[in-house]
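Given next are the chains, with one letter for each unit.
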Amino acid sequence: MKVEEEVGMGHKTRKDVIHTFQVNFFAMCLLNTFPWDFLDKELTTSKTSDIIMDILQKTCLHPICLKNPPSLKYRRRFLTELIKKHETIAAEPLDVLYEALGELMFGQEEDLCYKTYLLPTGDAVSLAENVALISQGTTGLVTWEAALYLAEWALENTHIFKSKTVLELGSGIGFTGTVICRSSSPTKYIFSDCHHTVLQRLKDNITNCLTNSDSNSASVSVEELDWENVSVEQLQRIQANTIIAADVVYDPDVIACLVKLLSRLLNCKVQENHPDVYIVSAVRNPQTYDCFKKELERAGLRHVIMKDSVTQVFPYNRTSTIEMIKIYV
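Everything numeric here is computed off the predicted structure, so don't read it as measured data.

**Remarks on the overall build of the chain**
- Assigned secondary structure in the chain consists of 12 helices and nine strands.
- Taking 2.2 N^0.38 as the reference for a compact globule, 329 residues should give roughly 20 Å; the C-alpha atoms of the chain span a radius of gyration of 22 Å, in line with that estimate.
- By principal-axis analysis of the C-alpha atoms, the chain measures approximately 70 × 35 × 35 Å.
- Counting all 329 residues of the chain, 51% fall into the buried class.
- Long-range contacts, defined here as pairs at least 24 residues apart, represent 73% of the contacts in the chain between residues at least 6 apart.
- Accessible surface, the chain as shown: approximately 16000 Å² in total, 49% of it carbon and sulfur.
- Charge separation in the chain, taken as the distance between the mean sites of 33 positive and 42 negative side-chain charges, equals 4 Å.

Pasting the structure below:
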């Protein structure tokens, strides 16, 4: 499925543009995806720096940024770009703009930063991520596109998760599960991963986003799940009605054990029903993805491609090929 940007996400008003700046900033989107052209027009028309100040208040000076900031390097680049735009008009210097940048110039970059995603309810989900895409031998310390898509789909299909026990494979830092717990009222949500550092980061994010949140009513747990060595006891304890995973089909070496685990999970009936299994993948390597589907066939598992359209909620590269499948016995 090609995930296309909705027409409704266009920048129609000044308020829309400021909101887009805020959403993109907290999600640490590439700076070239910001609506700079609209800002240029607004500055040229108004001849004042009001919009710059409004953007600053919604980004670097916002309480979210003070508590859970994007990376230091990112904030420096963003402020530098804002200053360039401000300097194109003959307006009074904005001291607060230069002061904000000055405070960052001598700061030391850390390995950890925060990305914050704004839900349709207005709630913010702030997750600690690694600045590097690959860190400590794993890609599980950042949020990937398929997880964002799956969260958008979940927001429109809350009935799939409501009052259910949900198991997520390869939870990473916990974005999708956090969104589902806050929006879909599952009875129980089981996050899982196998990398020690990922599991610790996952637990920290869950504590910050769910354990201390009034918007979560689900019982939440974290399971260390090694796909190659899942015990019968673990499967019996989990007893999930719904199983989901995002961006787990990327390494040919783990496809066989993933499919074997899916087969075992699908044959663990809960109240005489097979669980529902949904897998979302950003198809970066078609050969690897085809290998996954062939392995499903060899295991006697059927699948159907889910072609539901989703409303854009979170910012990510929407030209990526993202496919969601439902797997059956």
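Still more to cover.
**Quick word on the nonpolar core**
- One finds Phe34, Leu39, Phe78, Leu82, Trp153, Phe175 and Phe314 to be the most contacted residues of the largest nonpolar core, which totals 73 residues.
- The element best represented in this core is helix 7 (residues 145–156), accounting for eight residues.
- Ignoring sequence-local partners within four residues, the contact set of Trp153 consists of Ile160, Phe161, Tyr278, Met306, Asp308, Val310 and Met324.
- Within the second largest apolar cluster, 29 residues are counted, among which are Trp227, Cys257, Val259 and Ile325.

**Digging into the confidence of the model for the chain**
- This prediction gives the chain a mean pLDDT of 88; 92% of its residues lie at or above 70.
- Contacts for the low-pLDDT stretch residues 134–141, under 50 throughout, to residues beyond four places or in other chains number 20 contacts.

Analysis parameters
Residues numbered from 1 in each chain as written. Predicted model: local features only at pLDDT ≥ 70, side-chain atom pairs only at ≥ 80, totals over all residues. Heavy atoms only, no water. Helix = DSSP H or I, 4+ residues; strand = E, 2+ residues; numbered from the N terminus. Rg over C-alpha atoms; globule rule 2.2 N^0.38 Å. Buried < 20%, exposed > 50% of the residue type's maximum accessible area, 1.4 Å probe, protein only. Contact = heavy atoms within 4.5 Å. Areas by Shrake-Rupley, 256 points an atom, 1.4 Å probe, with all protein chains shown as cover. Lys, Arg positive; Asp, Glu negative; His and termini not counted. Charge placed at Lys NZ, Arg CZ, Asp CG, Glu CD. Core = buried A, V, L, I, M, F, W, Y, C linked by side-chain atoms within 4.5 Å. pLDDT = per-residue confidence, 0-100.

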